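Here is what each chain is made of, one letter per residue.
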Amino acid sequence: MDKRELMGRAIELSIESVRNGGGPFGAVIARNGEILAEASNSVTIDNDPTAHAEVNAIRRATRKLGSFDLSGCEIYTSCEPCPMCLGAIYWSHIDKIYYANNRKDAAEIGFDDDFIYQEIALPLEQRKKPIEAFMRSEALVAFEKWKAKDDKTEY
């Protein structure tokens, strides 16, 4: 499949999602023009705030491949990824992101991901959600054990 067909499928999924009670988002993960996984937004269906189309598609692709590493893959998403999805895309090592609607389009229909992008850029003490670090020395134990572990699977 070419880029237009893959994006067309992501858009189709977003439209089907609205019809089925989900949010208006769809995503396709492909490798060499072949669809590995596809998904739509199921936040309200699954009562899971992380069930965005991109995250759902990443979960399906990694299960199919038996690997957390999606290098060599591309994602086609009906809307510019929110910060959570963008993070998941980076962590999964997807090579390239294609999107249709942008975050401004999403904000116009009540999905204000841009607010989170703005929050991330602020110093911790200026963010709307209080955030406080404590018990660092106790938590560093796990990091020290990870650093010393010879047989770890790095990601």
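(A) Looking closely at the packing of aromatic side chains. Taken as a whole and assessed by the stated rule, the structure comprises 5 aromatic pairs. On the numbers, 6.2 Å between centres and 55 degrees between planes, the contact of Trp 91 with Tyr 155 is tilted. Within this pair, whereas Trp 91 is found in helix α4 (residues 83-91), its partner Tyr 155 is found in the segment after α7 (136-148), the two being separated by 64 residues in sequence. Each member of the pair Trp 91 and Tyr 155 is classed as exposed. Relative to Tyr 155, the ring of Trp 146 has its centre 6.4 Å away and its plane inclined at 70 degrees; by these criteria the two rings are edge-to-face. Members of the aromatic cluster, joined through ring pairs, are Phe 68, Trp 91, Trp 146 and Tyr 155. It is Arg 103 that lies over the ring of Tyr 117; its NZ or CZ is 3.8 Å from the centre.

(B) Molecular detail of the pattern of salt bridges. Evaluated as defined, the whole model comprises 8 salt bridges. When the shortest N-O distance is used, the salt bridge between Arg 9 and Glu 12 registers 2.7 Å. One end of the pair is Arg 9 and the other is Glu 12, both in helix α1 (residues 3-19) and 3 residues apart, which spans about a single turn. On the basis of relative accessibility, which here comes to 18%, the residue Arg 9 falls in the buried class. For Glu 12, a relative accessible area of 42% corresponds to the partly exposed category.

(C) Highlighting the nonpolar core. Counting 17 residues, the largest nonpolar core has Ile 29, Ile 58, Leu 70, Ile 75 and Ile 94 as the members making the most contacts within it. The element best represented in this core is helix α3 (residues 53-65), accounting for 4 residues. Residues contacting Leu 70, with those up to four places away along its chain left out, are Ile 29, Ile 58, Ala 61, Thr 62, Leu 65, Ser 92, His 93 and Ile 94. If you look at the next biggest cluster of nonpolar residues, it comprises 8 residues, including Leu 13, Val 28, Ala 30 and Tyr 76.

(D) Expanded view of α1. The terminal C-alpha atoms of α1, which comprises 17 residues, lie 25 Å apart, in line with the 24 Å expected from a rise of 1.5 Å per residue. Considered for burial, the residues of α1 that qualify are Leu 6, Met 7, Arg 9, Ala 10, Leu 13, Ser 14 and Ser 17. Angularly, the buried residues of α1 cover 150 degrees about the axis, an arc narrow enough to put them on a single face. Facing away from the buried side of α1, by more than 90 degrees, are the exposed residues Arg 4, Ile 15 and Arg 19. Close packing links the buried residues of α1 with β1 (26-31), β2 (34-40), β3 (74-79) and β4 (96-101). The backbone nitrogen of Arg 4 has a side-chain oxygen 3.1 Å away, supplied by the residue at the start of α1, namely Asp 2. Where α1 terminates, the next one or two residues include Gly 21, which has phi positive at roughly 95 degrees.

Conventions we followed
- Residues numbered from 1 in each chain as written.
- Predicted model: local features only at pLDDT ≥ 70, side-chain atom pairs only at ≥ 80, totals over all residues.
- Heavy atoms only, no water.
- Phe/Tyr/Trp six-rings, centres within 6.5 Å; stacked < 30°, edge-to-face > 60°.
- Helix = DSSP H or I, 4+ residues; strand = E, 2+ residues; numbered from the N terminus.
- Buried < 20%, exposed > 50% of the residue type's maximum accessible area, 1.4 Å probe, protein only.
- Lys NZ or Arg CZ within 6 Å of the ring centre and 35° of its normal.
- Salt bridge = Lys/Arg side-chain N within 4 Å of Asp/Glu carboxyl O.
- Core = buried A, V, L, I, M, F, W, Y, C linked by side-chain atoms within 4.5 Å.
- Contact = heavy atoms within 4.5 Å.
- Expected span 1.5 Å × (residues − 1).
- Arc of directions from axis to C-beta.
- Polar contact = N/O pair within 3.5 Å; in protein donor to acceptor, adjacent residues only side chain to side chain.

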